[in-house]
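Structural characterization, general
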Amino acid sequence: MAGDMDTIQGINSRFSPYLILMVLILTLSGFSRQTGSLNFSAYDVINAANSLRSAQGLPVLQINGALMAAAQAHSEYQAATHRSSHADASGGIVTSRVAASGYTAGAEFVAGENVASLTIGTENSVSIIMNEIWADAVHRGAMLNSKYTDIGVGVAIDDTMAYVTLNVAGLKSTPAPAAGSQTAEPDKSPLAPVLARITCTPLPDGTVYHVVGYGQTLGTIATMYGVSIQEIVDRNNIDPDMIYAGQKLWIMQLIVPTETPTSLPFLTATPTETPIPKMLLSPTNTITPTPANVTPINTRELGIGLIFFVMGGFLVYLIFLKSSLSKSVHS
């Protein structure tokens, strides 16, 4: 990340001797040995930044001793902690370090900072820093801002990595022009290029991946998706300072709402007609269905009728028998 960070009133310059003394101690303790294996220097980075400004029609930045000391001290801190960071041991940022360096002796100023880290011995290190790590609009804005007039760069290494700090600054207010002098032309310097920030569409299962674009940093990617840098680092198990263009990063897993189906595949649709129940019978117990045109016989009524018929016949027989006996007696 980088910044165009306006400061409040500069911190009292009495802190500057301590900062300068610390830089001297670091220098005497072996800074020349640390940077001896590098294939570039702080002045190579300064020249590259000024070439970029010249290409945009901006005046070059002037090397400032206080800014050089502040940038070098911060690079040494990053090498000691083995981590690229804008915050120092006390949590302070570039404005507090520049103020403590005695850059303006208490005057109001604006300041910005770029930091970068890359493997020692990387080919074309300065080109990679300028055209890849610092290629996005935020880092370019720190180097191309017309409010900055001075520059300082520090470089330090640990066992494997080189840490670069670029500090730029300028006075917040300028002295009033002398009588009879011409008024300065309004600032017409071109704005820093703005890179498109395009987020990736989630996959059908809700997974969101991002393919790192040219010049993008974890900070810009995290801002695009509303997550933290640490979340991206943990989910991908990566070094936050070693991302590259074309790298595929897992950003998040969205919760995709599940739609309730209108009919489940394992359920049978409700029939429009009530089915006739079927009885399962064993083959030996077959029931013969009653023909549709035959009226079923009521056995109860048939039995009663048969009884009346027999009794009526028996009664007729008794009457006939009595009649025959009467005739016999009279004759």
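Look up a bit, the structure's there.
Worth saying up front: this structure is predicted, and the values here are computed from it rather than measured.

Here the focus is the overall build of the chain. Per the secondary structure count, the chain includes nine helices and seven strands. In the chain, buried positions account for 36% of the 331 residues. Contacts in the chain between residues at least 24 apart in sequence constitute 73% of all its contacts with a sequence separation of at least 6.

The subject of this paragraph is unusual backbone geometry. For His82, which is not glycine, the phi torsion reads 60° and is therefore positive. Look at Asn124: it is not a glycine, yet its phi comes out positive at around 55°. Following the sequence through the fold, Asn124 ends up in the loop between β3 (109-119) and α5 (125-133).

A large share of helix α6 (residues 137-144) lies buried, amounting to six of its eight residues. If you check which residues of α6 are buried, you get His139, Arg140, Gly141, Ala142, Met143 and Leu144. Measuring from the side-chain oxygen of the N-cap residue of α6 to the backbone nitrogen of Val138 gives 3.1 Å; that N-cap residue is Asp136.

So, about the packing of aromatic side chains. Counted under the stated rule, the structure contains one aromatic pair. When the ring of Tyr103 is compared with that of Phe109, the centres are 6.3 Å apart and the planes differ by 85°; the resulting orientation is edge-to-face. The same class applies to Tyr103 and to Phe109, which are both buried. A cation over a ring is seen here: Lys248 above Tyr209, with NZ or CZ 4.5 Å from the ring centre.

Quick look at the packing of helix α7 (residues 218-225) against helix α8 (residues 229-236) now. Between α7 and α8, the least distance of the axes is 8 Å, while the angle of their chain directions is 100°. Put simply, α7 runs roughly perpendicular to α8. Judged by residue contacts, Leu218, Gly219, Ile221 and Ala222 of α7 engage Ile229, Ile232 and Val233 from α8. Tallied by class, residues from the contact of α7 with α8 come to six nonpolar, one polar and no charged.

Attention now goes to a nonpolar patch on the surface. A cluster of nonpolar residues, Phe314, Leu315, Tyr317, Leu318, Ile319, Leu321 and Leu325, forms a patch on the protein surface that exposes about 710 Å² of accessible area. Residue position: Ile319 is located in helix α9 (residues 299-330). By relative accessible area, Ile319 is classed as exposed at 56%.

Criteria and thresholds
The residue count restarts for each chain, going from 1 along the sequence in the order it is written. Whole-chain, interface and lining totals are the exception, using all residues; otherwise, since this is a predicted model, local features are given only for residues with pLDDT of at least 70 and side-chain atom pairs are given and counted only at 80 or more. The side-chain numbers reported here are obtained from all heavy atoms of the structure, hydrogens and water having been left aside. For helices the rule is a DSSP run of H or I covering at least 4 residues; for strands it is a run of E covering at least 2, with both sets numbered from the N terminus onward. Relative accessibility thresholds used throughout: buried, under 20% of the residue-type maximum; exposed, over 50%; partly exposed, between the two (1.4 Å probe, protein chains only). We call two residues contacting when some pair of their heavy atoms lies within 4.5 Å. Two N or O atoms form a polar contact when they lie within 3.5 Å of each other; inside protein one atom must be a possible hydrogen donor and the other a possible acceptor, and for residues adjacent in sequence the pair counts only when both atoms belong to side chains. Pairs were defined over the aromatic rings of Phe, Tyr and Trp, the Trp ring being its six-membered one, requiring ring centres within 6.5 Å. Orientation was assigned from the angle between planes: stacked under 30 degrees, edge-to-face over 60, tilted for the rest. In this analysis the charged atom, NZ for Lys or CZ for Arg, is taken to sit over a ring once it is within 6 Å of the ring centre and within 35 degrees of the ring normal. Here an angle of 0 to 180 degrees is reported between the N-to-C directions of two axes, which are lines fitted to C-alpha atoms, with helices fitted over the stretch in contact. Any angle from 65 to 115 degrees is called roughly perpendicular, while one under 35 is roughly parallel, one over 145 is roughly antiparallel, and all others are oblique. Each residue is assigned to one class: nonpolar for Ala, Val, Leu, Ile, Met, Phe, Trp, Tyr, Cys and Pro, charged for Asp, Glu, Lys and Arg, and polar for all the others, Gly among them. The patch calculation keeps residues exceeding 30% relative accessible area without a salt bridge and links them within 9 Å when they carry like charges or within 5 Å when they are nonpolar (Val, Leu, Ile, Met, Phe, Trp, Tyr). For every accessible area listed, the method is Shrake-Rupley and the probe measures 1.4 Å; residues are considered covered only by the protein chains on display. Any carboxyl oxygen of Asp or Glu within 4 Å of a side-chain nitrogen of Lys or Arg constitutes a salt bridge here.

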